[in-house]
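Here is how the chains run, residue by residue.
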Amino acid sequence: MTAPAGTTSTDESEKSDKPGFLDRLRARIPWFDHAMRAQERYKDSKGDFYAAGITYFTIFALFPLLMVGFSIGGFVLASQPELLADVQDRVRASVSGDLGQQLIQLMDSAIESRTSVGIIGLLAAAWAGLGWMANLREALSQMWGLYRGERPGFLRTKLSDLLALLSAFVAIAATLALSALGSKSVMKNVFELVGLEETRLLSVVFRVASVVVSVLVSWLLFTVVIARLPREKVGFRGSVRAGLLAAVAFELFKLVGAVYLQSVVTGPAGATFGPVLGLMVFAYITARLILFATAWAATLPENMGEELVPAPGPAVIKNRMITRPGLGPLQTTAAAAAGALGALGFSRWLRR
């Protein structure tokens, strides 16, 4: 028995209309569907591009900050001659000969130029910091799907970025202080002050407590970044959940990064380039975590607003002139011959 015509095409159309494996998985698992929506928002908003820009400004801002650090160290050593003499003695003991003397002269010249180095470092750090903050706020706003209206002026934008930069600096300093308080060594000192001796159980408690405090501190920092740094107001409830997601992923990434650095810095080349590459990878992955967590918060059901559909353009009416060509010479001759033959046959039939 042969199948009727059109059966194959019908089966192919039914197979093409059938949802794929990922579509069925998204329909079955809500959290997987949410993760895929976040990935689509991250990709459509050029998340990797913004993460690379944030990484560039992060690395670039380290050099002015080092200049500021050297300037502060110079002021401290200049105000404490005993400490300066102690540092010079340590340099002579570690590096003997002309090289040690050159290092001492270099340190003395750095101390003498501490004011100019500090001013240049502060100006360069402010410029690099504003670029970093502008890129970060732009990326966060894009992940949230903002910027539908007109943007503010240049001066107002820079002042807003400066305030956001100072607020972020204070938040980062506070989180670093809390992280230091929650470190394993500080926890150990606290237990020693209480009078508890270190045992295997207490070591596990120290480790778990330090991880919990680190996650809580990162949660606070990421929540502030996701909810308060975009250029327009966003939902805070979804930002809290996204901050927790980023904090847990960040803690896992730190554990993997620590293993990576231990395995890389063993050789001479790793000791030279490993920390720099590790810092770049650390900044890039951290930026991607923050941006993906922001996209995750933006694609929550309560944060997904209605998409603005642009109005259709004006209708354009065009008159179409259709011309039908007449019969050609060959067609006219054939029609005349057919008519003559028909008339001749009809006349003979009448005579009979």
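Note that this is a predicted model, so its numbers are computed, not measured.

(A) Local environment of the environment of Ser 218. For Ser 218, the position within the fold is in helix α10 (residues 200-228). For Ser 218, a relative accessible area of 9% puts it in the buried group. Sequence-distant contacts of Ser 218, that is, excluding residues within four places in its chain, are made with Ala 247 and Phe 250.

(B) A look at the packing of helix α4 (residues 47-79) against helix α5 (residues 81-94). Following both chains from N to C, one finds α4 and α5 inclined at 110°, their axes separated by 5 Å at the closest point. With respect to α5, the axis of α4 lies roughly perpendicular. Residues Val 76, Leu 77 and Ser 79 of α4 pack against Pro 81, Leu 83, Leu 84 and Val 87 of α5. Within the contact of α4 with α5, the residues separate by chemical class into 6 nonpolar, 1 polar and no charged.

(C) Quick peek at the side chain of Ser 45. If you trace the backbone, Ser 45 turns up in the loop between α3 (30-44) and α4. A polar side-chain atom of Ser 45 sits 3.2 Å from the main-chain carbonyl oxygen of Gln 142.

(D) Fine view of the nonpolar core. Core analysis: the largest hydrophobic core is formed by 38 residues, its most contacted members being Ile 54, Trp 132, Met 133, Leu 140, Trp 144, Leu 229 and Leu 291. Every element with two or more residues in this core is listed here: α3, α4, α7 (114-144), α8 (154-181), α10, α11 (236-264) and α12 (268-298). Looking at which element gives the most residues to this core, the answer is α12, with 8 residues. Apart from the residues lying within four places of it in its own chain, the contact partners of Trp 144 are Arg 41, Ile 226, Pro 230, Val 234, Gly 235, Ser 239, Thr 294, Ala 297, Ala 298 and Asn 303.

(E) Summary view of helix α6 (residues 98-112). Taking 1.5 Å of rise per residue, 15 residues should cover 21 Å, and α6 covers 21 Å from first to last C-alpha, within 8% of that figure. Among the residues of α6, Gly 100, Ile 104, Met 107 and Ile 111 are the ones counted as buried. Buried residues of α6, viewed axially, fall in a sector of 60°; they line one side. Within α6, the exposed residues directed more than 90 degrees away from the buried face are Asp 98, Leu 99, Leu 106 and Glu 112. Those residues of α6 that are buried lie in contact with α4, α5 and α7.

(F) Quick peek at the pattern of salt bridges. Per the stated rule, a full pass over the model turns up 5 salt bridges. A salt bridge links Arg 288 to Asp 48; the nearest nitrogen and oxygen atoms lie 3.3 Å apart. Taken as a pair, Arg 288 in helix α12 and Asp 48 in helix α4 lie far apart in primary sequence, 240 residues in all.

(G) Main features of the packing of aromatic side chains. On inspection of all chains with the given rule, the structure shows 9 aromatic pairs. Pairing Phe 49 with Tyr 50 gives two aromatic rings, centres 5.6 Å apart and planes at 75°, and the pair type is edge-to-face. In this structure Phe 49 comes out as exposed when scored by relative accessible area, which is 60%. By relative accessible area, Tyr 50 is classed as buried at 13%. Consider the rings of Tyr 56 and Phe 57, whose centres lie 5.1 Å apart with planes at 75°: the pair is edge-to-face.

(H) Focus on unusual backbone geometry. Positive phi is not limited to glycine here, since Lys 46 has a value of about 60°. Among the secondary structure elements, Lys 46 is positioned in the loop between α3 and α4. Overall, the relative accessible area of 56% leaves Lys 46 in the exposed class.

(I) Up close: a nonpolar patch on the surface. Nonpolar side chains collect at one region of the surface, where Leu 62, Phe 63, Leu 65, Leu 66, Phe 70, Leu 279 and Phe 282 lie side by side and expose about 690 Å² of accessible area between them. Counting residues per element, the ones that place at least two in the nonpolar patch are α4 and α12. Considering each element in turn, the nonpolar patch owes the most residues, 5 residues, to α4. Mapped onto the elements of the fold, Leu 62 is located in helix α4. Given the relative accessible area of 31%, Leu 62 is considered partly exposed.

Calculation criteria
- Residues numbered from 1 in each chain as written.
- Predicted model: local features only at pLDDT ≥ 70, side-chain atom pairs only at ≥ 80, totals over all residues.
- Heavy atoms only, no water.
- Helix = DSSP H or I, 4+ residues; strand = E, 2+ residues; numbered from the N terminus.
- Buried < 20%, exposed > 50% of the residue type's maximum accessible area, 1.4 Å probe, protein only.
- Contact = heavy atoms within 4.5 Å.
- Axes fitted to C-alpha atoms, helices over the stretch in contact; angles between N-to-C directions.
- Parallel < 35°, antiparallel > 145°, perpendicular 65-115°, else oblique.
- Nonpolar A, V, L, I, M, F, W, Y, C, P; charged D, E, K, R; others polar.
- Polar contact = N/O pair within 3.5 Å; in protein donor to acceptor, adjacent residues only side chain to side chain.
- Core = buried A, V, L, I, M, F, W, Y, C linked by side-chain atoms within 4.5 Å.
- Expected span 1.5 Å × (residues − 1).
- Arc of directions from axis to C-beta.
- Salt bridge = Lys/Arg side-chain N within 4 Å of Asp/Glu carboxyl O.
- Phe/Tyr/Trp six-rings, centres within 6.5 Å; stacked < 30°, edge-to-face > 60°.
- Patch = residues over 30% accessible without salt bridge, like charges linked within 9 Å, V, L, I, M, F, W, Y side chains within 5 Å.
- Areas by Shrake-Rupley, 256 points an atom, 1.4 Å probe, with all protein chains shown as cover.

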